[in-house]
Amino acid sequence: MAVNLINGRVATPDGVRDDLSVVIDGGRIVAVTPDRPSTGADHDLAGRLLAPGFIDTQVNGGGGVLFNDDPSPDCIAAIGAAHRRFGTTGFLPTLISDDLDVIDRAVDAVEAAIAAGMPGVLGVHIEGPFLNVRRKGIHDASKFRVLDDADIRRLTRLKGGRTLITLAPEMTTPDMIRRLTAAGALVAAGHTDADYATMRAGFDAGITGVTHLFNAMSPLQNRAPGVVGAALENQDAWCGIIVDGHHVDPVTLRLALRCRPHDRFMLVTDAMPSVSADSDHFFLQGRRITVRDGLCYDENGVLAGSDLDMASAVRNAVALLGLDLSQALAMASACPAVFLGLSDRLGAIAPGRAADLVALDDDLKVVETWIGGVREDAA
């Protein structure tokens, strides 16, 4: 039965409007119309902001579980439920560098989740193990390996969803990158010490993303532009940014926003099990990770993902980066939808799009979500 969402402020591609209602039916948005008095089939938004559901392309864990620990459909479901409370209606379970059999299990789990119609699962993000030890961050360098033909087959066999692969372009070749993209994968540069020329060659070969810009990559220097310089110069690739006030100084991000189109940035969480879990620590591949004051770090102070959720990322983008609300919401929804090649069905409140929605209060806290038209209150 069709449901009319009324009395809300609707975030449309043309800005926020308070004179519209959104009709959803069969899991899709069927109309965006001038608001009208309530009927029995209406849902009153009570003045809240209705926005497209958030899409997070980098989610390692949540709700006390980590994808690397248990690459299974049950784990994916738990992660999705944890992040849905914060407005995430679409996500890529993310596996950091691990053994090949764990990669196989992760792809199988995501394929099974998608086949079962699990809410929000859009594909998989395989972050490593084809990385540079010089920029390893929290990744276990003993897992690193050189990309070969068998790996390409392994990485690109997912059916029914998107596959995002983060690699260091200097640790492979432009031809291997082309082969990954020709097989349907999206390729991002990350955990890389590439110089400017190598990064430019990677873009030319098909790299379309940059994983957590500024973190774990060669920086912009006066005589060595590095990965950061190449990324800021590039006007087409999508850059994921972790806006938690810890991973990157807000001043640095504000400068980055002046260099390239805003619609080529995506908010990501790089979230760990602590999101939506009441714990001050977790274990990552045998290492104890402490969670304190929004930070996740090991015994040496190395950052280990984040304790960030997407609603907080949106609030931070407004408060720390000076973005207007429409820009921040787009970076959480429309921009990742375009990056993933899913903008025909996700990332906007418009007829024909999936009814993946989030209702936010005046403080931009999540009140309720819809995935495929199915409503759930935020706990």
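Refer to the preceding data block for the structure.
Residues numbered from 1 in each chain as written. Predicted model: local features only at pLDDT ≥ 70, side-chain atom pairs only at ≥ 80, totals over all residues. Heavy atoms only, no water.

Draft legend 1. Structural detail: the overall build of the chain. Assigned secondary structure in the chain consists of ten helices and 23 strands. Judged by the C-alpha coordinates and their principal axes, the chain covers about 60 × 45 × 40 Å. Here the chain, with 379 residues, has 55% of them falling under the buried criterion. Across the chain, the fraction of contacts at a sequence separation of at least 24, relative to all contacts at a separation of at least 6, is 68%. When the accessible surface of the chain is split by element, carbon and sulfur atoms take 49% of a total near 14600 Å². One finds the centroid of the 34 positive side-chain charges in the chain at a distance of 3 Å from the centroid of its 49 negative side-chain charges. (Helix = DSSP H or I, 4+ residues; strand = E, 2+ residues; numbered from the N terminus. Buried < 20%, exposed > 50% of the residue type's maximum accessible area, 1.4 Å probe, protein only. Contact = heavy atoms within 4.5 Å. Areas by Shrake-Rupley, 256 points an atom, 1.4 Å probe, with all protein chains shown as cover. Lys, Arg positive; Asp, Glu negative; His and termini not counted. Charge placed at Lys NZ, Arg CZ, Asp CG, Glu CD.)

Draft legend 2. Geometry of the packing of aromatic side chains. Per the counting criterion, the structure on display carries one aromatic pair. Plain terms: the ring middles of Trp-238 and Phe-339 are 5.8 Å apart, the flat faces sit at 50° to each other, and that makes the pair tilted. In this pair, Trp-238 sits in strand β16 (residues 238-241) while Phe-339 sits in helix α10 (residues 334-339), placing the two residues 101 residues apart along the sequence. A cation sits over an aromatic face here: Arg-260 above Phe-265, 5.1 Å from the ring centre. (Phe/Tyr/Trp six-rings, centres within 6.5 Å; stacked < 30°, edge-to-face > 60°. Lys NZ or Arg CZ within 6 Å of the ring centre and 35° of its normal.)

Draft legend 3. A look at the nonpolar core. Within the largest apolar cluster, 91 residues are counted, with the highest numbers of intra-cluster contacts made by Phe-54, Phe-67, Ile-76, Leu-180, Leu-213 and Leu-267. In contact with Leu-180, not counting residues within four places along its chain, are Leu-147, Ile-152, Leu-155, Thr-156, Ile-165, Leu-167, Ala-185 and Val-187. If you look at the next biggest cluster of nonpolar residues, it comprises 13 residues, including Leu-20, Val-22, Leu-45 and Leu-50. (Core = buried A, V, L, I, M, F, W, Y, C linked by side-chain atoms within 4.5 Å.)

Draft legend 4. Structural context of the pattern of salt bridges. This model, assessed by the stated rule, comprises 17 salt bridges. In this structure, Arg-375 and Glu-368 form a salt bridge, with 2.5 Å as the shortest nitrogen-oxygen distance. We classify Arg-375 as partly exposed; its relative accessible area is 38%. Residue Glu-368 is classed as buried on the basis of its relative accessible area of 2%. (Salt bridge = Lys/Arg side-chain N within 4 Å of Asp/Glu carboxyl O.)

Draft legend 5. How the structure looks around the pairing of strand β21 (residues 357-360). Of the two faces of β21, the one holding Leu-357 and Ala-359 and the one holding Val-358 and Leu-360 are both buried throughout. Sheet analysis places strand β7 (residues 49-52) next to β21, joined by four bridges and oriented antiparallel. The partner of Ala-51 across the bridge, within β21, is Val-358. In terms of strand pairing, β21 meets strand β22 (residues 366-371) through four bridges, oriented antiparallel. Residue pairing for β22: Leu-360 is matched across the bridge by Val-366. In textbook terms, the turn of a hairpin is the stretch between consecutive antiparallel strands, and for β21 and β22 this stretch comprises five residues, one of which, Leu-364, has a positive phi near 60°. (Pairing = 2+ DSSP bridges.)

Draft legend 6. Spotlight on the sheet that holds strand β19 (residues 287-292). In spatial order, the strands read β18-β19-β20; together these three strands make up an open sheet with antiparallel pairing. A single partner strand is all that each edge strand has here, and the edge strands are β18 (281-284) and β20 (295-297). Along the sheet, successive strands turn relative to each other by an average axial angle of 25°, direction set aside. Here four bridges tie β18 to β19, and the two strands are oriented antiparallel to one another. Looking at the pairing, His-281 lines up with Thr-290 of β19. (Axes fitted to C-alpha atoms, helices over the stretch in contact; angles between N-to-C directions.)

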